[in-house]
Amino acid sequence: MFHREGQTIILVTFFITVGIILSAQFFVPIDWLRIALQLVAFVVLVLILQFFRNPKRLVTPNFDEILAPVDGKVVVIEEVEETEYFKEKRKQVSIFMSPLNVHVTRYASSGTITFSKYHPGKYLVAWHPKSSTENERTTVVIHTPKFGEILYRQIAGALARRIVNYAEEGEQVTQGEDAGFIKFGSRVDLFLPLDADITVDLNQKVVGAKTCIATLKSQDG
């Protein structure tokens, strides 16, 4: 299954690939060059299909857990001052996605969208410390039943050139549902309450809508 954001580029790439393979077959007399051109075209098509894949993730919504919004690797876990919306300290968990990861963004929790804003910006590499505040990005806040308001930020990377955000203010959303897409390498930051108990480690690989990122400390007490 492929994401709707990839439909156009998949079709265009498919027809270009077929054109290159047929053209090479009939008009390139040198065997090694013909095979090389056909192979490269096929590999590009496979990579495009792989990038826009959208595996189904069956989720039973759980108000007591924050799930990973994307597939990738945890690159930041720290307490920071969130300056755009909360303007106070929050726990930040950042997940880096390589071009090989599934790039679907999913809602980390069920709730109501209270803030959704797009910011144009730079295209620093996604792991750069300033990418969270200077890169092209979207900021979305969800009011959840147990954690209060949580914020996630889709951040474009050096290769990413389009962020798709489906969240609209006032909308009721369900944990695990499709929240958007980031094309070609990127990062997502989560900003959680200080009493959230982070359940992942640095450099841990996480799976969107599957891996638990945080629970509430009060549950353990």
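In this text the structure is predicted, and so the values were computed from the model without any measurement.

Student: Help me out: how do you make sense of the sheet that holds strand 13 (residues 205-206) in this one?
Tutor: Within a sheet, adjacent strands bond to each other through the backbone by hydrogen bonds, running parallel or antiparallel. Pairing in this open sheet of eight strands is antiparallel, and the strands run 9-5-6-7-11-3-2-13 from one edge to the other. With partners counted over all chains shown, the strands left at the sheet margins are strand 9 (172-173) and strand 13, one partner each. As defined by bridge partners, strand 6 (residues 137-144) adjoins strand 7 (residues 148-156) across eight bridges and the pair is classed as antiparallel. When the sheet's bridge partners are listed, Thr 138 is paired in strand 7 with Gln 154.

Student: Sorry, what's going on with unusual backbone geometry here?
Tutor: Most peptide bonds take the trans configuration, and most residues that are not glycine carry a negative phi. The backbone of Lys 87 sits at a positive phi, close to 55 degrees, despite the residue not being glycine. Locating Lys 87 in the fold gives a position in the loop between strand 2 (72-82) and strand 3 (88-97). Located in the positive-phi region is Asn 203, a residue other than glycine, with phi close to 70 degrees. Note on placement: Asn 203 falls in the loop between strand 12 (196-198) and strand 13. Judged by relative accessible area, Asn 203 falls into the exposed class, the value being 54%.

Student: Is there a simple way to think about the packing of aromatic side chains in this case?
Tutor: Two aromatic rings are characterised by how far apart their centres lie and by the angle between their planes. In total, this model carries seven aromatic pairs according to the counting rule given. Their ring planes at 10 degrees and their centres at 5.4 Å tell us that Phe 52 and Phe 181 sit as a pair that is stacked. With Phe 52 in the loop between helix 2 (31-51) and strand 1 (66-67) and Phe 181 in strand 10 (residues 178-182), this pair connects stretches of sequence that are 129 residues apart. The pair formed by Phe 52 and Phe 181 is uniform in burial state, with each residue classed as buried. Seen in terms of ring centroids, Tyr 85 and Phe 86 are 5.1 Å apart; in terms of plane orientation they differ by 85 degrees. Their pairing is edge-to-face. Judged by relative accessible area, Tyr 85 falls into the partly exposed class, the value being 26%. Classification of Phe 86 as buried rests on a relative accessible area of 11%. What links up through ring pairs into an aromatic cluster is the set Phe 51, Phe 52 and Phe 181. In this structure, Arg 90 is placed above the aromatic ring of Phe 86, and the distance from its NZ or CZ to the ring centre is 3.7 Å.

What counts, and at which threshold
- What you see as residue numbers is a count from 1 along each chain, following the sequence as written.
- Since the coordinates come from a predicted model, pLDDT governs what is reported: local features require at least 70, and pairs of side-chain atoms require 80 or more to be given and counted, while whole-chain, interface and lining totals use all residues.
- Note that water and hydrogens are dropped before the side-chain values are worked out from all heavy atoms of the structure.
- At least two bridges found by DSSP between two strands is the condition for calling them paired.
- Per the convention used, a helix needs a DSSP run of H or I reaching at least four residues, while a strand needs a run of E reaching at least two, with both numbered from the N terminus.
- Throughout, exposure labels follow a simple rule: accessible area from a 1.4 Å probe, protein chains only, divided by the maximum for the residue type, with under 20% read as buried, over 50% as exposed, and the rest as partly exposed.
- Each aromatic pair joins two rings of Phe, Tyr and Trp (for Trp, the six-membered one) with centres within 6.5 Å, and gets the label stacked for planes under 30 degrees apart, edge-to-face for over 60, and tilted for any other angle.
- Each ring is checked for a lysine NZ or an arginine CZ that lies within 6 Å of its centre and within 35 degrees of its normal; such an atom marks a charge sitting over the ring.

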